[in-house]
Amino acid sequence: MSTIDLQALIPNNVNLGENRQLQRALEHWQPAFLNWWDEMGPSDFKAKEVYLRTAVGVDASGWASYGYTPMPDYRWGIFLADKEEGRKIGFGDHMGEDVWQDVPGEYRSTFRRLIVTQGDTEPASVEQQRLLGHTAPSLYDLRNLFQVNVEEGRHLWAMVYLLHAHFGRDGREEAEELLMRHSGDADKPRILGTFNEPMDNWLSFFMFTYFTDRDGKFQLKSFAESAFDPLARTTRFMLTEEAHHMFVGETGVGRVIKRTLEVMKELDTDDAATLRQAGVIDLPTIQKFMNFWFTSSLDLFGSEASSNAANYFSNGIKGRPDEAKFADHVEADTEMSIQVPDGKGGLKSETISTRNGMNEITRLEYVKDCNVGVTRWNMAIKRAGVDFELKLPSTRFRRAVGVWAGIPTDPQGNPVTQAEFEAKKDQWLPTAADTGFVKSLMQRVTEPGKMAAWIAPPDRGINANPVDYEYVKL
Ligand SMILES: [Fe+2]
Ligand SMILES: [Fe+2]
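Residues numbered from 1 in each chain as written. Chains lettered and ligands numbered in written order. Predicted model: local features only at pLDDT ≥ 70, side-chain atom pairs only at ≥ 80, totals over all residues. Heavy atoms only, no water.

Q: Teacher, can you tell me more about the overall build of the protein here?
A: Each helix and strand counted, the protein has 12 helices and 5 strands in total. Taking 474 residues into account, the globule formula puts the C-alpha radius of gyration at 23 Å, and the protein, at 23 Å, falls close to it. Seen through its C-alpha atoms, the protein measures out along the principal axes to roughly 65 × 60 × 40 Å. Contacts spanning at least 24 positions in sequence make up 72% of the contacts within the protein whose residues lie at least 6 apart. Surface accessibility of the protein: about 19500 Å² in total, with carbon and sulfur atoms responsible for 48%. The average position of the 53 basic charges and that of the 69 acidic charges among the side chains of the protein differ by 1 Å. (Helix = DSSP H or I, 4+ residues; strand = E, 2+ residues; numbered from the N terminus. Rg over C-alpha atoms; globule rule 2.2 N^0.38 Å. Contact = heavy atoms within 4.5 Å. Areas by Shrake-Rupley, 256 points an atom, 1.4 Å probe, with all protein chains shown as cover. Lys, Arg positive; Asp, Glu negative; His and termini not counted. Charge placed at Lys NZ, Arg CZ, Asp CG, Glu CD.)

Q: Can you walk me through unusual backbone geometry in this structure?
A: Excluding glycine, residues mostly have negative phi values, and the peptide bonds linking residues are mostly trans. One non-glycine residue, Phe45, lies in positive phi territory at about 60 degrees. Within the fold, Phe45 resides in the loop between α1 (20–40) and β1 (49–55). Positive phi is not limited to glycine here, since Asn463 has a value of about 55 degrees. Structurally, Asn463 can be placed in the loop between α12 (432–441) and β5 (472–473).

Q: I'm lost on the pairing of strand β4 (residues 347–353) in this one. Help?
A: Here strand β3 (residues 335–341) pairs with β4 via 7 bridges, running antiparallel. Across the sheet, the residue bridging to Val340 is Lys348, located in β4. The turn linking β3 back onto β4 is made up of 5 residues, and Gly343 within it adopts a positive phi angle of 80 degrees. (Pairing = 2+ DSSP bridges.)

Q: Hey, could you run me through the pattern of salt bridges in this one?
A: Between side chains of opposite charge, a pair can form when the charged atoms approach closely. Applying the stated criterion across every chain, the model contains 37 salt bridges. With its nearest N and O atoms 2.6 Å apart, the salt bridge here joins Asp229 to Arg87. Taken as a pair, Asp229 in helix α6 (residues 229–267) and Arg87 in the loop between β2 (64–70) and α2 (108–128) lie far apart in primary sequence, 142 residues in all. With respect to class, Asp229 is no different from Arg87; both count as buried. The salt bridge partner of Glu304 is Arg363, with a shortest N-O separation of 3.7 Å. Here Arg363 lies in helix α10 (residues 358–383) and Glu304 lies in the loop between α8 (283–298) and α9 (307–314), a separation of 59 residues in the sequence. The exposure class assigned to Glu304 is buried, which follows from its relative accessible area of 3%. Look at Arg363 and you get buried, because its relative accessible area is 0%. (Salt bridge = Lys/Arg side-chain N within 4 Å of Asp/Glu carboxyl O. Buried < 20%, exposed > 50% of the residue type's maximum accessible area, 1.4 Å probe, protein only.)

Q: Would you explain the coordination of the iron ion (ligand 1) in this entry?
A: A metal bound by six donors in octahedral fashion has ideal angles of 90 or 180 degrees, whereas one bound by four tetrahedral donors has an ideal angle of 109.5 degrees. At the metal site, the iron ion (ligand 1) is ligated by Glu122 (OE), Glu152 (OE) and His155 (ND1), and these contacts range over 2.1 to 2.2 Å. Sequence spacing among the residues donating to the iron ion (ligand 1) works out to E-x29-E-x2-H. Separation of the iron ion (ligand 1) from the iron ion (ligand 2) amounts to 3.5 Å, with Glu152 serving as a shared donor to the pair. Residue Glu122 is located in helix α2, and its partner His155 is located in helix α3 (residues 139–166); the two are separated by 33 residues in the primary sequence. Note on Glu122: relative accessible area 3%, which makes it buried. Owing to a relative accessible area of 0%, His155 belongs among the buried residues under this scheme. (Donors = N, O, S within 2.8 Å, 3.2 Å for Na, K, Ca; no water.)

Q: I keep staring at the nonpolar core and nothing clicks. Help me out?
A: One broad rule of soluble globular proteins: the nonpolar side chains tend to lie buried together. Residues Phe211 and Trp454 are the most contacted members of the largest nonpolar core, which totals 114 residues. At 14 residues, the largest contribution of residues to this core is made by α3. Each residue touching Phe211, except ones within four places of it in the same chain, is listed here: Met290, Trp293, Phe294, Ser297, Tyr366, Cys370 and Leu392. Counting 10 residues, the second-largest nonpolar core is a separate cluster that includes Ala309, Met336, Ile338 and Ile352. (Core = buried A, V, L, I, M, F, W, Y, C linked by side-chain atoms within 4.5 Å.)

Q: Sorry, what's going on with the sheet that holds β5 here?
A: Picture the strands of a sheet paired through backbone hydrogen bonds; they go either parallel or antiparallel. Pairing within the open sheet is antiparallel, and its 3 strands lie in the order β2-β1-β5. Two strands in the sheet have a free side with no partner beyond their single neighbour: β2 and β5. Bridge count between β1 and β5: 2 bridges; the pairing is antiparallel. Counterpart to Val50 in the pairing with β5 is Val472. α3 contacts β1, β2 and β5 of the sheet and is inclined by roughly 40 degrees relative to β1. (Axes fitted to C-alpha atoms, helices over the stretch in contact; angles between N-to-C directions.)

Q: Is there a simple way to think about the coordination of the iron ion (ligand 2) in this case?
A: For the iron ion (ligand 2), the protein coordination sphere consists of Glu152 (OE), Asp213 (OD), Glu242 (OE) and His245 (ND1), at 1.9 to 2.2 Å. Between the 4 donor atoms coordinating the iron ion (ligand 2), the angles at the centre fall across 88 to 163 degrees, so the site counts as irregular. On the primary sequence, the residues serving as donors to the iron ion (ligand 2) are separated as E-x60-D-x28-E-x2-H. (Tetrahedral: all angles 85-135°; square planar, octahedral: opposite > 155°, others 65-115°.)

Q: Looking at this structure, how should I read helix α5 (residues 202–223)?
A: An α-helix turns once per 3.6 residues; consequently, residues spaced three or four apart project the same way. Here α5 contains 22 residues, and its C-alpha end-to-end distance of 30 Å stays within 8% of the 32 Å for a straight helix at 1.5 Å per residue. Along α5, the helix axis deviates most sharply at Phe208, where the bend reaches about 35 degrees. In terms of burial, α5 is largely enclosed, as 22 of its 22 residues are buried. (Expected span 1.5 Å × (residues − 1). Bend = angle between axes of the 7 residues up to and from the residue.)

Q: Would you take a moment to explain the packing of α5 against α6 for this structure?
A: When two helices pack together, their arrangement is captured by the angle between the axes and the distance separating the axes. Put simply, α5 and α6 touch, their axes get as near as 8 Å, and they point 155 degrees apart. Viewed along their axes, α5 and α6 adopt a mutual orientation that is roughly antiparallel. With respect to the hand of their crossing, α5 and α6 are arranged in left-handed fashion. Residue composition of the contact of α5 with α6, grouped by class: 15 nonpolar, 5 polar and 6 charged. (Parallel < 35°, antiparallel > 145°, perpendicular 65-115°, else oblique. Left-handed = near helix turned anticlockwise from the far one by under 90°. Nonpolar A, V, L, I, M, F, W, Y, C, P; charged D, E, K, R; others polar.)

Q: Can you walk me through the packing of aromatic side chains in this structure?
A: The relation between two aromatic rings is expressed through the spacing of the ring centres and the mutual angle of the planes. Taken as a whole and assessed by the stated rule, the structure comprises 37 aromatic pairs. Between Tyr210 and Trp377, the aromatic rings sit 4.9 Å apart at their centres with planes inclined by 55 degrees, giving tilted as the arrangement. Of this pair, Tyr210 sits in helix α5 while Trp377 sits in helix α10, and the two are 167 residues apart along the sequence. Residue class for Trp377 comes out buried when judged on its relative accessible area of 4%. Chaining the aromatic ring pairs together yields one cluster made of Trp29, Phe33, Trp36, Trp37, Tyr74, Trp76 and Trp157. A cation over an aromatic ring shows up here: Arg320 above the ring of Phe326, its NZ or CZ 4.0 Å from the ring centre. Sitting over the face of the ring of Trp404, Arg396 holds its NZ or CZ atom 5.6 Å from the ring centroid. (Phe/Tyr/Trp six-rings, centres within 6.5 Å; stacked < 30°, edge-to-face > 60°. Lys NZ or Arg CZ within 6 Å of the ring centre and 35° of its normal.)

See below:
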C-alpha cells in the first residue's frame, strides 16, 4: 500500500516530491485555495479547535485519524486509492484493453469538462453552507458540518490534482477558475443549478447531504469505473469520505423526524400549527423539503436520452455505478424504454438505445438508493404509531432538465395543467412561510450534549466518543 506523506507541504500519496514541476504548480495554487477557504469557507470559527478526522492512509481499514484541529490547519492533500496492477477497461468499445494512465488526446476536452464540473460542486457546497455554523443545533452537528466542509475542500484538491497533472496549462487555468466562481454569484455562479441554491437552515443541510451528496456518490461511482485510471483511483478514495456526508444527512433527517414524533405523542396531535407552536417541524413540511431537494438533485443526472452520455460510455470515460453488476458491459445494440410526455397532456413509452439511456439508468439506481433511508424514516414513523408515510416524488416531478423539464406534473408524476400545478404547488413544495418557520427554529446550541428543541440527539457520538463530547471548543 502506498503511504501518505502527511509532513509534506501538500500531503500526498502520489510521490509529488518526484515531480518538481507539478509540485511547484500545486504549491502555487495552495495559497489561493487557503485564501478561498478564508473568504468563502465557514464564516468565523477559524481559530476554534474542531474534532476532525484526517486521511492518513487509503486502505479500507483505518484510513482516518481523529483529533482537534483548527480548520485552516486541516491537512488537505492528494490521496488516490492504490493502483490495481493490470487493471483493464471494464465497459464500452475499449472493453478489455489496458486502462489509461494519461488522457488520450481525443478525449481530453471531454475529460477536462467532466472533471471541472465535478470539481466545481465541491467548493460550491462549502460556500452554500458557510453561514450554517452560526445556527448549529448542537456541537455534534457543528462538528459534522465542518467535517463535511473540509472534506469537500479536499475533493476540490482531488480534481485540481488531475487538472494540474494531466491537462497542462488549460488544467491550471481551470483550477484557478474553480476558486473564482461562487455559489449564487450573479456574474460567476457555480456550474450546476442545485449548487447555487441558498442554504440557510439545517433541514435543508440534512436534505442536501442526503440527496445531493448522494448524487455526488453516483457521479463518483461512474468515474470510479473510468478507463482513465488516475480519475478512477481518486474518485474511489473520495467515495470513502463521501459516505460520512450521507450518514450526516440520513441521521439528521431521522433525528428531526424522531423529535417531531416525540412531540406528536406528548401533545397527542398531528395538527401542523400546534406542532409548529411547540417548536418542531411537522411531517408534511419535511415531505415538502424532501420533494424540493430530491427533485433538484434528479436534474444533476442530465437528460433521459443523451448522446453525450452514450459517448462517455462507448469511449470508456464514465461507466455505470457498479458496472460489474450489469450483465452486458458493451450494450452495443440493446434498447430500453423511458417515459416521455406525449404532447397531449399525458405520457408514453419511448424506446431508446441503452447507451443513450445511461443517465436514466444511473438516475434510477440513485432513486433506489435514496429509498433506503426513506424506508428507515418510515419505519420510525410506523413504530411511533403515526399514520403518515414519506414518499419520494416521481422522477417526472418538478424537473428543469430532460424530457420532463417545464412539464407540470403532480408528485406522482401525472401531468397536470399549469393552473393546477400553481394551485397545488404550496402543498407540494416549501412555501416562503414554511422556510420562514424552519429558519425561525435555527438557534445555536453550544453546550456539549445539548440539542436544539427541533431535533433529537444522535444515537451515538463520533469515533466512539459520547454524544456530550466537546466536539468543537468554542
Ligand atoms: Fe464531495
Ligand atoms: Fe459530499
